[in-house]
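Summary of the model geometry
Read off the chains here:
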Amino acid sequence: MKKEKSKAYKKQSENAKESIKNYDQFSMSENRNTNLHNREFNSNASYYEEICSTKWKDLRDKNYKDYRNLWHEIPKLKKTLDFPLHLDIETTNVCNLLCPMCPRTVLLADESFGELGYLTKEEYKDIIDQAVEHNCKSIKLNYLGEPLAHKEIIWQVKYAKEKGILDVMFNSNASLLTKEKSKELLEAGLDNLFISFDAVDPHEFSIQRKGTTVGKVIDNVFNFILLRNEIRPSCQVRLSMVMYKDEKWQRQFDALKIIWANHVDALGWGYYIDRDIKNSIYFSEVKGYHCAQPFQRMFLKYNGNVTICCIDDKDETIVGNWREEKLKDIWHNEKYKEIRRLHGTGNYYKMEMCKKCYMPHS
């Protein structure tokens with residue numbers, strides 16, 4: 001088994017090198033030294049979105065709405081809860097695509113990505129059981145992998161919902177989102193599906209989403225929406241794309257709105273920031289900024305590492321190991337406390353990883 005993984009890894013690394021070749025032409029790195037931070041606190045500073053419909057939200061109960069109020073208020077007040085509101089669980093670090101803007105592809109090309117694999121049922125159950133025991137409200141079933149690549153994805157959604165998790169979600173490239181899988185996910189209780197849809201033009205899409213086609217993804221997404229409307233209209237669907245400095249990408253987003261605005265609940269975007277593996281490139285400090293994520297959520301990676309932030313794809317700030325420690329103990333350990341203290345006192349820039357984060361400028 002180990003030999004097979006090693007072969008697959010080598011092949012993915014070779015393909016990743018080809019995928020990212022010359023990709024820096026799209027970089028937003030010129031914006032690294034701007035200081036245009038919006039001073040109003042934003043608990044979702046990692047992305048922007050345009051709301052198309054709130055019908056799904058009207059179908060959610062009071063428990064969900066109370067949880068979302070906490071999501072915004074807790075980091076704003078810099079409070080530490082007994083347990084994180086949300087867990088990001090990397091159920092697999094395997095992906096069927098090699099998108100050039102993705103940190104996974106960049107790490108594979110550099111041959112610095114970890115061993116490929118999948119969480120076992122026992123590992124997943126243990127994480128969910130701990131989360132439920134400590135009143136965790138929400139989970140997202142991915143980090144750098146494609147959650148639909150895990151053969152147990154339907155069971156994972158169903159188990160979490162049956163145990164009492166309020167909000168179950170994941171990000172997906174949707175290329176594996178068959179009609180059958182869509183139906184099963186909705187019946188299992190999926191609450192949010194966030195789909196990466198990075199171009200409307202077929203040629204640009206084939207570059208951005210290396211390994212699939214725009215036609216296939218359009219069909220899969222539209223079929224999911226039709227089934228969502230019938231089976232589980234409370235499930236939120238959001239499409240998002242990566243934005244670049246060239247004006248053509250604004251036109252791509254405008255086209256995305258024309259196609260999908262009447263069908264999805266939100267359309268989002270985030271700016272591409274070049275991933276420099278070899279060098280540490282810093283953003284300028286934004287006085288008064290603090291990040292929401294150390295107060296809201298915890299990231300559990302397939303390799304066992306626990307980190308504090310969606311930006312930490314290279315495991316620069318490891319606060320524990322979920323395979324060796326209880327999640328509550330990690331949340332309250334000295335490393336985590338110090339990170340929250342630094343952010344809570346306006347000293348985020350004293351953290352090496354946080355100097356390389358674009359979110360203060362978003």
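Notes on the structure follow. Note that the structure is predicted; figures quoted are calculated from it, not measured.

**Here we look at the overall build of the chain**
Along the chain, the regular secondary structure elements total 14 helices and 10 strands. Scored against the burial criterion, the 362 residues of the chain give a buried share of 52%. Long-range pairs, those at least 24 residues apart, make up 76% of the contacts in the chain between residues at least 6 apart in sequence.

**Thoughts on the packing of helix 5 (residues 121–133) against helix 6 (residues 153–163)**
At a minimum axis distance of 10 Å, the contact between helix 5 and helix 6 shows a crossing angle of 25°. Regarding the angle of helix 5 to helix 6, the classification is roughly parallel. Our pair here, helix 5 against helix 6, has a crossing hand that is right-handed. On the side of helix 5, the interface is formed by Lys121, Tyr124, Lys125, Ile128, Asp129 and Val132, while helix 6 contributes Trp155, Gln156, Val157, Tyr159, Ala160 and Lys163. Residue classes in the contact of helix 5 with helix 6 are distributed as seven nonpolar, one polar and four charged.

**Side note on empty space enclosed by the protein**
Under the counting rule described, the total for this entry stands at one cavity of 30 Å³ or more. For the largest cavity, the calculated volume is near 100 Å³. For the largest cavity, the full set of lining residues is Tyr289, Cys291, Pro294, Ile308, Cys309, His343, Tyr348, Met353, Cys354, Cys357, Met359 and Pro360. A breakdown of the residues in the lining of the largest cavity according to their chemical character gives 11 nonpolar, one polar and no charged.

**Side note on helix 5**
With 13 residues, helix 5 extends 18 Å between its outermost C-alpha atoms, agreeing within 8% with the 18 Å of an ideal straight helix rising 1.5 Å per residue. Within the span of helix 5, buried status applies to Tyr124, Ile127, Ile128, Gln130 and Ala131. Seen end-on, helix 5 carries its buried residues on one side only, within an arc spanning 160°. In helix 5, the exposed positions that point more than 90 degrees away from the buried face belong to Glu122 and Glu133. For helix 5, the secondary structure elements touched by its buried residues are strand 2 (86–89), strand 3 (138–140), helix 6, strand 8 (297–300) and helix 12 (327–331). In the segment just after helix 5, Asn135 is the residue with positive phi, at about 65°.

**So, unusual backbone geometry**
The phi dihedral of Lys78 is positive, around 60°, even though this residue is not glycine. Considering the arrangement of structural elements, one finds Lys78 in the loop between helix 3 (62–77) and strand 2. The backbone of Glu111 shows a phi angle near 60°, a positive value even though the residue is not glycine. Tracing the backbone shows Glu111 in the loop between helix 4 (103–109) and helix 5.

**Things to note about the state of the cysteines**
Considering all chains together, one arrives at zero disulfides under this definition. Cys95 takes part in no disulfide bond, and the closest cysteine sulfur, belonging to Cys99, lies 6.2 Å away. Accessibility expressed as a relative area gives 12% for Cys95, which makes it buried.

**Let's talk about the sheet that holds strand 8**
Strand order in the open sheet made by the 10 strands is 1-7-6-5-4-3-2-8-9-10, with mixed pairing throughout. The two strands at the open ends of the sheet, each matched to only one other strand, are strand 1 (48–51) and strand 10 (318–321). Going across the sheet, the axis of each strand differs from the next one's by a mean of 20°, ignoring polarity. As defined by bridge partners, strand 6 (residues 236–243) adjoins strand 7 (residues 266–271) across six bridges and the pair is classed as parallel. Note on strand 7: the bridge partner recorded for Arg238 is Ala266. Its contacts with the sheet put helix 13 (residues 334–344) on strand 8, strand 9 (305–307) and strand 10, and the angle it makes with strand 10 is roughly 150°.

**Remarks on the environment of Ile153**
Summarising the element assignment, Ile153 is placed in helix 6. Residue classification places Ile153 among the buried residues on the basis of a relative accessible area of 1%. A C-alpha to C-alpha distance of 8.6 Å links Ile153 and Leu141, two positions 12 residues apart in sequence. In this structure Ile153 touches Leu141, Pro147, Leu148, Phe170 and Leu185, once residues within four positions along its chain are discounted.

**Quick word on the nonpolar core**
With 84 residues, the main nonpolar core has Leu87, Ile89 and Ile139 as its most contacted residues. Beyond its immediate sequence surroundings of up to four residues, Leu87 is in contact with Ile127, Ala131, Cys136, Ser138, Ile139, Lys140, Met298, Leu300 and Leu327.

**Here's the deal with the pattern of salt bridges**
According to the stated counting rule, one finds 22 salt bridges in the structure shown. With a shortest N-O distance of 3.2 Å, Asp82 and Lys328 are connected by a salt bridge. Here Asp82, found in the loop between helix 3 and strand 2, pairs with Lys328, found in helix 12; they are 246 residues apart in sequence, far enough to count as distant. Taking the relative accessible area as the measure of exposure, Asp82 reaches 43% and is therefore partly exposed. Between Asp191 and Lys161 there is a salt bridge, with the nearest N and O atoms lying 2.8 Å from each other. In this pair, Asp191 sits in the loop between helix 7 (179–188) and strand 5 (192–196) while Lys161 sits in helix 6, placing the two residues 30 residues apart along the sequence. Given a relative accessible area of 22%, Lys161 falls into the partly exposed group. The structure contains a network of salt bridges with shared partners spanning Glu50, Asp254 and Lys257.

Criteria and cut-off values
- Position numbers for residues count from 1 along each chain, tracking the sequence in the order it is written.
- Only residues with pLDDT of 70 or above have their local features reported here, since the model is predicted, and side-chain atom pairs are shown and tallied only from 80 upward, although totals for entire chains, interfaces and linings are computed over all residues.
- Side-chain calculation: all heavy atoms of the structure are included, whereas hydrogens and water are not.
- Helical segments are the DSSP runs of H or I of at least four residues, strand segments are the runs of E of at least two, and each set is numbered from the N terminus.
- Between buried and exposed lies partly exposed: a residue is buried under 20% and exposed over 50% of the maximum accessible area for its type, with that area taken using a 1.4 Å probe on protein chains only.
- Residues count as neighbours in contact if any of their non-hydrogen atoms are within 4.5 Å of one another.
- With axes taken as lines fitted to C-alpha atoms, and helix axes fitted only over the stretch in contact, angles between N-to-C directions fall between 0 and 180 degrees.
- To sort the angles, those under 35 degrees are grouped as roughly parallel, those over 145 as roughly antiparallel, those from 65 to 115 as roughly perpendicular, and the leftovers as oblique.
- Here is the rule for handedness: rotate from the far helix to the near one, and if that takes an anticlockwise turn smaller than a right angle the crossing is left-handed, while a clockwise turn gives right-handed.
- Residue polarity follows a fixed list, in which Ala, Val, Leu, Ile, Met, Phe, Trp, Tyr, Cys and Pro are nonpolar, Asp, Glu, Lys and Arg are charged, and the others, Gly among them, are polar.
- A 1.4 Å probe that fits into a set of points on a 1 Å grid over the protein atoms alone but cannot get out defines a cavity; an open set with protein on both sides within 12 Å along at least five of seven lines defines a pocket, and lining residues are those with an atom within 4 Å of a point.
- Grid points are joined across faces, edges and corners, and a volume is the space filled by probe spheres set on the points.
- Here, expected helix span is obtained from the residue count minus one, scaled by 1.5 Å.
- Think of the arc as the fan of directions from the helix axis to the C-beta atoms.
- In what follows, a disulfide is any cysteine sulfur pair within 2.5 Å.
- Any two strands with at least two DSSP-identified bridges between them are counted as paired.
- Joining through side-chain atoms within 4.5 Å is the link that ties buried Ala, Val, Leu, Ile, Met, Phe, Trp, Tyr and Cys residues into a set, and such a set is a nonpolar core.
- Salt bridge, as applied in this entry: a Lys or Arg side-chain nitrogen positioned within 4 Å of an Asp or Glu carboxyl oxygen.

Functional significance is not addressed by these values, which are geometric in nature.
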